[in-house]
4 protein chains.
Amino acid sequence: MTPNKDLKMYSLKDLENYKIHGRTDESQYPLPLFFNGSGIEVNVTGSELWIDIDVDCEIHEPWIWTSINGAFMSRQMLLPGVQSLCLFRGMSPDAVKNVRFTRDLQAMSEDDFCHVLIRGFQTDGSFLPVSDKPYKLEFIGDSITSGEGTYGAKEDTDWLAIYMSSSRNYAVMVSDALNAEYRLISQGGWGVLSSWDNNPNCNIPSIYEKICGLAKGSFNEKLGAAKPHNFKSWQPDAVIVNLGTNDASAFNQPEWRNPETGETFKQHLNPDGTYNQEDLMRFKQAVIDFLSMLRKNNPASHIVWTYGMLGYDLTLAITDAMNTYQTLTGDTNTAFLQLPNTTDDTVGAHAHPGVKSHERAAKVLTEYLKNILGA
Amino acid sequence: MTPNKDLKMYSLKDLENYKIHGRTDESQYPLPLFFNGSGIEVNVTGSELWIDIDVDCEIHEPWIWTSINGAFMSRQMLLPGVQSLCLFRGMSPDAVKNVRFTRDLQAMSEDDFCHVLIRGFQTDGSFLPVSDKPYKLEFIGDSITSGEGTYGAKEDTDWLAIYMSSSRNYAVMVSDALNAEYRLISQGGWGVLSSWDNNPNCNIPSIYEKICGLAKGSFNEKLGAAKPHNFKSWQPDAVIVNLGTNDASAFNQPEWRNPETGETFKQHLNPDGTYNQEDLMRFKQAVIDFLSMLRKNNPASHIVWTYGMLGYDLTLAITDAMNTYQTLTGDTNTAFLQLPNTTDDTVGAHAHPGVKSHERAAKVLTEYLKNILGA
Amino acid sequence: MTPNKDLKMYSLKDLENYKIHGRTDESQYPLPLFFNGSGIEVNVTGSELWIDIDVDCEIHEPWIWTSINGAFMSRQMLLPGVQSLCLFRGMSPDAVKNVRFTRDLQAMSEDDFCHVLIRGFQTDGSFLPVSDKPYKLEFIGDSITSGEGTYGAKEDTDWLAIYMSSSRNYAVMVSDALNAEYRLISQGGWGVLSSWDNNPNCNIPSIYEKICGLAKGSFNEKLGAAKPHNFKSWQPDAVIVNLGTNDASAFNQPEWRNPETGETFKQHLNPDGTYNQEDLMRFKQAVIDFLSMLRKNNPASHIVWTYGMLGYDLTLAITDAMNTYQTLTGDTNTAFLQLPNTTDDTVGAHAHPGVKSHERAAKVLTEYLKNILGA
Amino acid sequence: MTPNKDLKMYSLKDLENYKIHGRTDESQYPLPLFFNGSGIEVNVTGSELWIDIDVDCEIHEPWIWTSINGAFMSRQMLLPGVQSLCLFRGMSPDAVKNVRFTRDLQAMSEDDFCHVLIRGFQTDGSFLPVSDKPYKLEFIGDSITSGEGTYGAKEDTDWLAIYMSSSRNYAVMVSDALNAEYRLISQGGWGVLSSWDNNPNCNIPSIYEKICGLAKGSFNEKLGAAKPHNFKSWQPDAVIVNLGTNDASAFNQPEWRNPETGETFKQHLNPDGTYNQEDLMRFKQAVIDFLSMLRKNNPASHIVWTYGMLGYDLTLAITDAMNTYQTLTGDTNTAFLQLPNTTDDTVGAHAHPGVKSHERAAKVLTEYLKNILGA
């Protein structure tokens, strides 16, 4: 293959026309993509386009996907190294191509070295402005919003990066249907109060106000992950919370114990199988507190708490908390929406919602948001 | 046409093998079918089968539908008179046919003369036992459960019997999918507290404990409609409530005034468009009271309150009431389930859910009940 | 029920504003509806509408269905007698209602007394003109086009009127999707050369040029059934033939023998299971001859021979005949289109295509005709 | 990332347990993957698997996709070089993973240097036998079978490798549904007689009997591409031809002229827009000759000629040829099947069938083959 001698390198430092998707520290160079669904979008002429990236991980390798003119083109594993990926070749040079490079893998709280950083592009074309979309949506969730199980066979049960995605994800389906920008903030296994296995440190509210509180360690700190997020910079029209599934699970799991401090935590069931009221109360308080945090940071956003894709168990507990929150605050710009439960027909890998379940949930949520946004 | 000389008349009084569907006073002869979905089922041999009925109405003519071996065969208007309808002709005489004659029209609280009574059958075959189905489901609702809009064109806006049905109805779809017997108790325009236009007398709880409190007047009284219902005779595995849609509407409608007594009723919105808390509270109390009434009469039934096919507005109010009810009673065999809202694609006549909306709701509800029933 | 005293009778003899659907002798009074899909359409104001009809049969009772504003409303068996059927009651009197009364049952070659005749209407409103639709489609076929099996359960195997329809029929689905008028000329069991059981008299071409050659006997003769059809009065944009299924069957059935004359007929298979070439040749000749007859009577119509809903066996024989016809005549305004075969998932009663199969065929045919008609 | 020190290299030369998919010269090392859908399949234990490949091209870069346990995992562009791709990492080592690495890009007759060669694998596990599937299917076609347009946006009109696939392809969908092995032999723009633009050298029959006659040049010759294919080594249960679309196009395109020899070729329309009979005849002869070639090489295979996904124009010409072929040879194990035309709703990139069109065609073809294969 004869190399294209007309390629020129464009560092993000110098480039004007591009759009960053997902929460990040935009002052960084190279630019980190922390969350699944985070990415970069360009409108570019030319016959060929490459993206220059830095990748690393200790255990869980990142996956990315690309699209051209809105159509999914590729999905692949990234392995450590400074590298360039070709995004297209041989295209009609005059046509403007809309190209998007997106992280498929969630922020990885269990791998401090997992990162994808963007340095810039190489092309024989030039970059044009990328326009904003009419709506902004923020999705906050757990493994469902991390797309776990949207790739993989039903019998696959490992907990692995390869099975997670933003490319087959209700959040992205909803956003595409509404022509909205999206941000995803999610972590498999985490809840609003504790993790699926009762770890009280694994709750989304604790990390929500940092740029990416899920990305830990000194390297991520240098990338700005631990900085407070500037909420004013991107105010969503709607915040969609999809939490509670792991909090429900915690009631059925053994006690968590901090091996270092001996601290323990456990959500209990009563002997008759119902929820212990005291424990349920602290779950509800966590919901109330998180709604307050969301409202503080997103004063005008519609907040909808969605629930149900992996069971309806905490429906009444969540709505009780939402009612209490509304009574306390008078904040009626908050709502509760059930999403259809996953069935044998719609399940994906690792007993998580498959593509069909995400499509079905996306339909209900899209219809709901259409009414809310007047879209 | 040469008449079939082998037809014999079988009065219900003498017949042993048949099965009555829907709440009625089974001691009556002829047998009244009060509700949509009420009917009679037989297993019969022979080449020909007729049903002998008495029909009347003042304004709203009843509609019925028939099925053979589970397949929809006919739907027609019934006009006043003692009459015989042919259900099939010319069939292989030895084969056992499962035949069902079902009322399509809801109980008509606005027409005291509207009735369908069954006298018996005529056939050249004989009747065999009709077996019970493994599950029993009771659906309680408003115009949605009365199937309003499941027949008719989108532009049809009259409030008429012709547009209502049990033959295209989520309640029947769910029951068929689960192989369950069903009973429907519903009335268009009614709510749990008041009607869509604030009439506080039009609430389902007020009629729930009579056989058919919706059927009024002296004629219906003779038919047993006003008798207390014997709940022990038919305990459902699940009670599915689908109420709240008209209660939500009441907040946006003018005050109701009793022309005779001058009594008035009105659910108010605050000036900012939110619900008046006091009025919302009496709605919630009505939900709580109805749950108590349902539990008293159906001690072991799973009770699920479904909501959403015509808007999600009272979601939090209903769940708040359900939470309060659970706290007061400890009755955790109650749950809340949203059904997908009706959209432009799924709407039917008179701005009510069309067949597609019923099908979609039925899918979600069927899946839910499958888990509950272990079906 | 208080009778509506404002009803007036309108005889078809005097009425101007109505539209007849389906081939008939329009000079007759009362007006016969010979074919499934034949009917009468009115635009009418008023609160109430009745239709006055004469019905009879010896064995096979006719079925009809009605629609209002394009939406299916009722389907019912008709029994012998001069009678009036109420089509609607209680409607807003000023609104114009489009109402259609349609025969569901095919022309019945095996029951000379089976007929539905229209005398007129009764209403308290008045009749407005019925506009023409932009396209005209003629469907010619066998039991598939007679809708056999579109009603009934899978296990139903009797050959009965109750299972046949135009109301659930690919021909009507296609016409509705294209906003076209339709005429159906079909007979269960018949082919282009012989019937499914080798009766060479049961071929559609032999009756095509009469108004309704399928309706026999002196009574039908008086109704004009045997008169030559005036093709110039209604030239279709497209003629859709759906024949060959019974001709394929004939190869696998025993010889037919005329009990009176001793005449016999049989399409043979070779010992190796392939078609006997001589017999196949006379099938092909029948196709060629029918195409010529169709073209003679429909000079400008697009003719498409569709095939496949009950097996693809004669695909190559039919196309061979069509090629020969094109070579002989140069008539390239003829085409062949396969329709998807019926499967376990889409089968209806009596091993015939069910509603799902009709819907699927309708989709392919609608798409095809859209291109042809430029619709 | 700490490298996995337990990885061992396995050269295909030494490896026993793997399965090659697609026609190739299996005596080559490294092993060439010529066609889209060609690939290698292994059953492997271990936590990690890499594949070692050689890639090159002059213009059109190859694309590949991978699957694990039958589920699509990745799709990516390959650029020139000797390289290793990681297929999975971090999996439960004891579980047996079924892994498949498949070429997405068609054989590239316009790029003699385009190739993907497999050297072997690296893993910390071990290889187990790969069992045969119960059926074998061979698909022969043009751009449709090359999956052109199954990736890309509707507005994309370049002719590029990125838009072609086997991963979203009716041939693979059919094979998966029937649990069949598949081989694809296809080339965009080619026909059974000539290319879409009248080049008579671009016809599939001319390359069918070589291993991969589409791969030209000395490098491909060394890879065995030009060797005669050993048909006995893999006899398909069915051969599915999907050709004719480009032959239809040729009638509407200008004359082709060989710039070197001055030779010309053109399929003509008559002035009235119909096909010139002489030219149509040579198309038919090409069909006949190809059927003979297919039968010679696949004595017992069912041969079905499918057609229609991009228009039904040559339906009668193809069936005429098939009839002639049957008459000449008596070979009735051949059939014709139309596949539903592509519509606005189902079209993909470059005005070619999109995923939805492939899915719809696959359904019809799967149902057809199920009957043929008794599957």
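Caption draft 1: Main features of the overall build of chain A. On a plain count of helices and strands, chain A comes out with seven helices and 18 strands. Its C-alpha atoms give chain A a radius of gyration of 21 Å, within 12% of the compact-globule value 21 Å for 375 residues. Split into buried and exposed, the 375 residues of chain A put 66% on the buried side. Intrachain contacts of chain A at a sequence separation of at least 6 include 76% that bridge at least 24 residues. Total accessible area computed for chain A in this model is approximately 13400 Å², and 49% of it derives from carbon and sulfur atoms. Side chains of chain A carry 31 positive and 46 negative charges; the gap between the two charge centres is 5 Å.

Caption draft 2: Representation of the domain arrangement of chain A in the model. Residue and element names in this part refer to chain A. Assigned domains of chain A: these are domain 1 (8–128) and domain 2 (135–373). For domain 1 versus domain 2, the distance between C-alpha centres works out to 26 Å. Between domain 1 and domain 2, the contact holds 33 residues from the first and 38 residues from the second. Carbon and sulfur atoms make up 53% of the area that domain 1 and domain 2 hide from each other, which totals about 3100 Å². At the junction of domain 1 and domain 2, the tally comes to three salt bridges. Here Glu181 ties to Lys19 by a salt bridge, and the two come within 2.9 Å at their closest N and O atoms. Our count for the domain 1 to domain 2 interface comes out at 23 residue pairs in polar contact (both at pLDDT 80 or more). Listed by contribution, the elements that provide at least two residues to the side of domain 1 that touches domain 2 are strand E2 (19–21), strand E6 (63–68), strand E7 (71–77), strand E9 (97–103) and strand E10 (115–123). Here the side of domain 1 that touches domain 2 gets three residues from one element, more than from any other, and that element is E9.

Caption draft 3: The interface of chain A and chain D, seen in detail. Taken together, the contact pairs 38 residues of chain A with 38 residues of chain D. Summed over both sides, the interface between chain A and chain D buries roughly 2900 Å², with carbon and sulfur atoms accounting for 57% of that surface. Sorting the residues of chain A by area buried against chain D places Met1, Met73 and Arg89 of chain A first, and these three jointly supply 22% of that buried surface. The interface formed by chain A and chain D contains two salt bridges. Across the chain A-chain D interface, the total number found is 13 residue pairs in polar contact (both at pLDDT 80 or more). Mapped by element, the contributors of at least two residues to the side of chain A that touches chain D are strand E5 (49–56), E6, E7 and strand E8 (81–88) of chain A.

Caption draft 4: Here's a closer look at the arrangement of the chains. The two units chain A and chain C are non-contacting; their minimal C-alpha-C-alpha distance is 17 Å. In this assembly chain B lies apart from chain D, the nearest approach of their C-alpha atoms being 17 Å.

Caption draft 5: Focus on the sheet that holds strand E14 (residues 238–242) of chain A. Residues and elements named next belong to chain A. Reading across from one edge, E13-E12-E14-E17-E18 is the order of the five strands in this open sheet, with parallel pairing throughout. The strands lining the two open edges of the sheet, one partner per strand, are strand E13 (180–186) and strand E18 (334–338). Taking the axes of each pair of neighbouring strands and ignoring which way they run, one obtains an average angle of 20 degrees across the sheet. Pairing of strand E12 (residues 135–141) with E13, which is carried by seven bridges, proceeds in the parallel orientation. Within the sheet, the bridge partner assigned to Glu138 lies in E13 and is Arg183. Against the sheet, helix H1 (residues 170–178) makes contact with E12, E13 and E14, and its axis sits at roughly 170 degrees relative to E12, the strand it touches most. Docked against the sheet, helix H6 (residues 315–329) engages strand E17 (302–307) and E18, running at close to 170 degrees with respect to E18.

Caption draft 6: Examining the relation of the copies chain D and chain C more closely. Under the fitted operation, chain D is carried onto chain C by 0.0 Å of movement along the axis and a turn of 180 degrees, and the coordinates agree to an RMSD of 0.0 Å. These values place the two chain copies in the arrangement generated by a two-fold rotation axis. Mapped onto chain C, 100% of the interface residues of chain D are again interface residues, and the two copies thus contact each other with one and the same surface.

Caption draft 7: A look at the environment of Asp272 of chain C. All names here are of chain C. Looking at the secondary structure, you find Asp272 in the loop between strand E16 (264–265) and helix H5 (277–297). In the structure, Asp272 is positioned 169 residues away from Arg103 in sequence and 44 Å away in space, judged by C-alpha atoms. Among the polar contacts made by the side chain of Asp272, one reaches the side chain of Thr274 at a distance of 2.6 Å.

Caption draft 8: View of the interface of chain D and chain C. Every contact between the two is made by 25 residues of chain D and, on the other side, 25 residues of chain C. For the chain D and chain C pair, buried surface summed over both sides reaches about 1800 Å², with 55% attributable to carbon and sulfur atoms. The tally of links from chain D across to chain C stands at two salt bridges. A salt bridge links Arg360 of chain D to Glu367 of chain C; the shortest N-O distance between them is 3.0 Å.

Caption draft 9: Structural context of the side chain of Thr66 of chain C. Within the secondary structure, Thr66 of chain C sits in strand E6 (residues 63–68). A distance of 2.7 Å separates a polar atom in the side chain of Thr66 of chain C from a polar atom in the side chain of Ser74 of chain C.

Caption draft 10: Fine view of the pairing of strand E14 (residues 238–242) of chain D. Residues and elements named next belong to chain D. Across the five residues of E14, five count as buried, placing the element largely inside the fold. Residues Ala238, Ile240 and Asn242 point to one face of E14 and Val239 and Val241 to the other, with burial holding for every one of them. Where strand E12 (residues 135–141) meets E14, five bridges bridge the pair, whose relative direction is parallel. When the sheet's bridge partners are listed, Ile140 is paired in E14 with Val241.

Caption draft 11: Main features of the packing of aromatic side chains. Here the structure, examined in full by the defined rule, presents 40 aromatic pairs over all chains. Judged by centre distance (5.6 Å) and plane angle (85 degrees), the rings of Tyr208 of chain C and Phe290 of chain C are edge-to-face. Within this pair, whereas Tyr208 of chain C is found in helix H2 (residues 205–208), its partner Phe290 of chain C is found in helix H5, the two being separated by 82 residues in sequence. A relative accessible area of 0% means that Tyr208 of chain C is categorised as buried. Given the relative accessible area of 1%, Phe290 of chain C is considered buried. Clustering of aromatic rings is evident, with ring pairs tying together Tyr208, Phe231, Phe290 and Trp305 of chain A.

The rules behind the values
- Residues numbered from 1 in each chain as written.
- Chains lettered and ligands numbered in written order.
- Predicted model: local features only at pLDDT ≥ 70, side-chain atom pairs only at ≥ 80, totals over all residues.
- Heavy atoms only, no water.
- Helix = DSSP H or I, 4+ residues; strand = E, 2+ residues; numbered from the N terminus.
- Rg over C-alpha atoms; globule rule 2.2 N^0.38 Å.
- Buried < 20%, exposed > 50% of the residue type's maximum accessible area, 1.4 Å probe, protein only.
- Contact = heavy atoms within 4.5 Å.
- Areas by Shrake-Rupley, 256 points an atom, 1.4 Å probe, with all protein chains shown as cover.
- Lys, Arg positive; Asp, Glu negative; His and termini not counted.
- Charge placed at Lys NZ, Arg CZ, Asp CG, Glu CD.
- Domains from an automatic or database assignment.
- Buried area = accessible area lost by both parts, 1.4 Å probe.
- Salt bridge = Lys/Arg side-chain N within 4 Å of Asp/Glu carboxyl O.
- Polar contact = N/O pair within 3.5 Å; in protein donor to acceptor, adjacent residues only side chain to side chain.
- Pairing = 2+ DSSP bridges.
- Axes fitted to C-alpha atoms, helices over the stretch in contact; angles between N-to-C directions.
- Least-squares fit on C-alpha atoms with pLDDT ≥ 70 in both.
- Phe/Tyr/Trp six-rings, centres within 6.5 Å; stacked < 30°, edge-to-face > 60°.

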